[in-house]
Each structure stands twice: as C-alpha cells, then as structure tokens.
Amino acid sequence: MISCNNLTVKYGKHMVLDKISLNAENGEITVLLGKNGSGKTTLIRTLAGVQSKFDGEIFIDGKNIKQTDRKRLSRAVGILPQNLQKPAITVTDLVSMGRYPYTDAFSKLSAEDISAVERSIKTTGIEHLQDKLVCHLSGGERQLAYISTVIAQNTNNILLDEPTASLDISYRKQFFEILDRQKKENKCIVLSMHSLEEAIKTADKIVFLDNKKIVFCGNTKQFISQRIRDKYFNVKTVELINSDGISYYIFE
Ligand code: ADP
C-alpha cells in the first residue's frame, strides 16, 4: 500500500505538486492521468523514493520512507521509469538486477534469486529475448525487459511510468495480462498512461492531476459520469453500446 499526505514537490522555485494526498491500495490498480507536465512522472518518482526532495509524508506499507533505508525500500517498492537505458548487457543480466535488493555486498545471486529471474522472464513472455543485448532490442522489447526486471524484484508495490508507451497491440495485451496477475497477487500497482480507453478498462481507481493538484480521485464510473476528461482536455465522451449491452467509450 502506498499513501501520501500533503506531498509538495518543487524543482527550484517551480512547484509541481501542491499538498497532494492519496491512498493506493493492495490488490488495486491506480491509474494516474493528466496533461503533459501535470506532474505524473514527478509523483511516481517521489513515491518510489527516487526524487528525495519533498515536503509532506509518504508511507509504503505503512512505513514512512524518510525513515526507511534504501535496501529495505527497494524490497518494498519497484519502479519502471520512463526513460529506459540501453546497456550492452543481456536481458537475463538486466532482469537479474531486479534481485539486487536481496543479494549480499558482492551482489551474488542465490539459487532462489536465479529461479525468481527465470520465473519473471517466463511470466513476462520474453524467453526468446533472454540472451539478446538490451541495446539491441526494439523499444517495445526493451520496455518488456524492464517490466520483467520490476516483476523479478517481487515488491508489494509497483510504480510504472507510462509502461505501454512503446508497446504494440500484442505486447500491450501481454502487458495487461501481466498486470492482472500482479493484481491477483494482491500487489499495489500505480501507473501513469495517456490512453483513456486503456485507463478505463484497467483502473480500479483513477487519479487525475491538474495544476499541481489532484482534481479527481474515484472509480471509472465516476470518472466518466463526472466528465473529467471532457472538462480538462476539452473533448466530448461518447458512449457506444454493442449488441451484448457492453459499453465502449470514444472521445471526440
Ligand atoms: P508529466 O509526467 O505529467 O508529464 P512531469 O512530472 O514530467 O509531468 O513534469 C511536471 C513539471 O515539472 C513540468 O513542468 C516539467 O517541466 C517539470 N520538471 C520535471 N522534471 C524536472 C526537473 N528535473 N527539473 C526541473 N523541472 C522539471
């Protein structure tokens, strides 16, 4: 579980988040939405402990992150950042890095770590990539390899910054299946995305950021009925109902 109270983040004098409070629960997918520059990346990085300069309080599984050492924090929360590096190491070595929070000072992997890496590669369906160099992967393949690294880290809390950005339709389907499995394992998942259609299909809770504040926090039904997207993006939501009575939403 991830929560924050009165979280304020500034870059120099430029305030990006102003006294934000939210709870992301275990067994739920919380989706962050908002315009470019509304602070989604900043919020994700701050909640993960990467952006350490902030005012207010952040709790991961009930523990204040300011009182949690790095190693303990990295066993509790994993993050997929937006800008992924392209190191000249194999995918297996990259995924193995997800196990560093559990290794000793020499970073030697135990049998348990190795089996966690193998499991994660299998779960994310990237066995065919495991011997390839990360720097030789396509954007979508690289994104899945990094997602696999986060899964190998096996943290209760998972923060993903635009995880579907480079994924084509089949990789997206694969990604949402991975996400669903993590949710069923009662993990607390927070992710940012731009696709409203995918957000509505996936989210248990939507958090909408605008002008440094959370302007909406609720379920997808409330998000649609309150026409949040229409209001902040100046578009119109249209509901289409198919012959089975299932609603689909398009945005004009
Ligand atoms: P989003 O993910 O919603 O696009 P960001 O969190 O990336 O938003 O950015 C929020 C605001 O903070 C933007 O105005 C951006 O220019 C600014 N910003 C982000 N990172 C930095 C940084 N390292 N230094 C200064 N300003 C930054």
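Residue positions are given per chain, counting from 1 as you read along its sequence in written order. Note on the predicted model: pLDDT of at least 70 is required for a residue's local features to be given, and 80 or more for side-chain atom pairs to be given and counted; whole-chain, interface and lining totals, by contrast, use all residues. Only hydrogens and water are set aside when side-chain values are computed; all heavy atoms of the structure are taken into account.

Chemist: Report on the layout of surface pockets, specifying residues and quantitative values.
Modeler: Reported here for the largest pocket is a volume of approximately 620 Å³. Cavity means a closed set of points on a 1 Å grid over the protein atoms alone, one where a 1.4 Å probe fits but cannot get out, pocket means an open set with protein on both sides within 12 Å along at least 5 of 7 lines, and lining means a residue has an atom within 4 Å of a point. Lining the largest pocket are 21 residues, with Ile-79, Pro-81, Met-97, Thr-149 and Gln-153 positioned closest to its centre. Each helix is a run of DSSP H or I of at least 4 residues and each strand a run of E of at least 2, with the numbering of both proceeding from the N terminus. Going through the elements one at a time, helix H2 (70-76), strand S6 (77-80), helix H3 (91-97) and helix H5 (139-153) are the ones with two or more residues in the lining of the largest pocket. In terms of residue count, H5 provides more of the lining of the largest pocket than any other element does, four residues in total. Grid points are joined across faces, edges and corners, and a volume is the space filled by probe spheres set on the points. Looking at the second largest pocket, its volume works out to about 240 Å³. In terms of lining, the second largest pocket is formed by ten residues, of which the most central are Ile-200, Lys-201, Ser-247, Tyr-248 and Tyr-249. Elements supplying a minimum of two residues to the lining of the second largest pocket: helix H7 (196-202), helix H8 (220-225) and strand S12 (247-251). In terms of residue count, the dominant contributor to the lining of the second largest pocket is S12 (four residues). Side-chain classes follow a simple rule in which Ala, Val, Leu, Ile, Met, Phe, Trp, Tyr, Cys and Pro form the nonpolar group, Asp, Glu, Lys and Arg form the charged group, and the remainder, Gly included, forms the polar group. Here the residues of the lining of the second largest pocket sort into five nonpolar, two polar and three charged.

Chemist: Let's hear about the sheet that holds strand S4 (residues 55-60): which residues, and what values?
Modeler: Within a sheet, each strand pairs with its neighbour through backbone hydrogen bonds, oriented either parallel or antiparallel. Taken together, the four strands give an open sheet; going across it, the order is S2-S1-S4-S5, and neighbouring strands pair in antiparallel fashion. Of all the strands in the sheet, the pair left with one neighbour each is strand S2 (14-24) and strand S5 (63-64). Each pair of strands is called paired provided DSSP finds at least two bridges between the two strands. As judged from the five bridges shared by strand S1 (residues 2-11) and S4, these two strands associate in the antiparallel manner. In the sheet register, Ser-3 faces S4, and the bridge partner there is Phe-59.

Chemist: Quick one: what's the story with helix H6 (residues 169-184), residue by residue and with numbers?
Modeler: In a regular helix each residue adds 1.5 Å, so 16 residues correspond to 22 Å; H6 covers 23 Å between its end C-alpha atoms and thus fits that length. Each residue is placed in one exposure class: buried if its accessible area under a 1.4 Å probe, protein chains only, is under 20% of its type's maximum, exposed if it is over 50%, and partly exposed if it falls in between. When we look at burial in H6, the residues that qualify are Tyr-171, Phe-175, Phe-176, Ile-178, Leu-179 and Gln-182. The buried residues of H6 occupy an angular sector of 155° when projected down its axis, which confines them to one face. Projecting away from the buried face of H6 at angles above 90 degrees are the exposed residues Ile-169, Ser-170, Lys-173 and Lys-184. Note on contacts: a residue pair qualifies if any of its non-hydrogen atoms lie within 4.5 Å across the two residues. Contacts from the buried residues of H6 go to strand S3 (28-34), helix H4 (111-123), H5, strand S7 (157-161), strand S8 (188-192) and H7. Residue Asp-168 occupies the N-cap position of H6, its side-chain oxygen lying 3.1 Å from the main-chain nitrogen of Ser-170. Just downstream of H6 lies Asn-186, where phi reads positive at about 70°. By definition here, a helix of n residues has an expected span of 1.5 Å times n minus one. Picture the helix axis, draw a direction to every C-beta atom, and the arc is the one those directions span. For the purposes of these results, a polar contact is taken to be a pair of N or O atoms within 3.5 Å, where, inside protein, one atom must be able to donate a hydrogen and its partner to accept one; residues adjacent in sequence count only when each atom of the pair is a side-chain atom.

Chemist: Explain the sheet that holds S7 to me, using residue names and the numbers behind them.
Modeler: Spatially, S6-S7-S8-S3-S9-S10 is the arrangement adopted by the six strands of the open sheet, whose pairing is mixed. Edge positions in the open sheet fall to S6 and strand S10 (213-218), since each of these has one partner strand only. Across the sheet, the mean angle from the axis of one strand to that of its neighbour is 15°, orientation sign disregarded. Where S3 and strand S9 (residues 205-210) come together, five bridges link them in parallel fashion. Bridging across to S9, Val-31 finds its partner in Ile-206. Here the axes come from fitting lines to C-alpha atoms, over the contacting stretch only for helices, and the angles between their N-to-C directions go from 0 to 180 degrees. Its contacts with the sheet place H6 against S3, S7 and S8, and it is angled at close to 150° to S8.

Chemist: Give me the lowdown on the site of the ligand, citing residues and values where you can.
Modeler: In this text, near means that some heavy atom of the residue lies within 4 Å of the molecule or strand in question. In the neighbourhood of the ligand, the contacting residues comprise Tyr-11, His-14, Val-16, Lys-35, Asn-36, Gly-37, Ser-38, Gly-39, Lys-40, Thr-41 and Thr-42. The contact in question runs from an oxygen atom of the ligand to an N or O atom on the side chain of His-14, over 3.4 Å. Throughout, the Shrake-Rupley method with a 1.4 Å probe supplies accessible areas, and for residues the shown protein chains are the sole cover considered. Relative to its free-state accessible area of 560 Å², the ligand is covered by the protein chains to the extent of 57%. Ranked by residue count, the leading element in the shell around the ligand is helix H1 (residues 40-47), at three residues. Considering only residue class, the shell around the ligand consists of two nonpolar, seven polar and two charged.

Function cannot be read off these values alone, since they describe shape.
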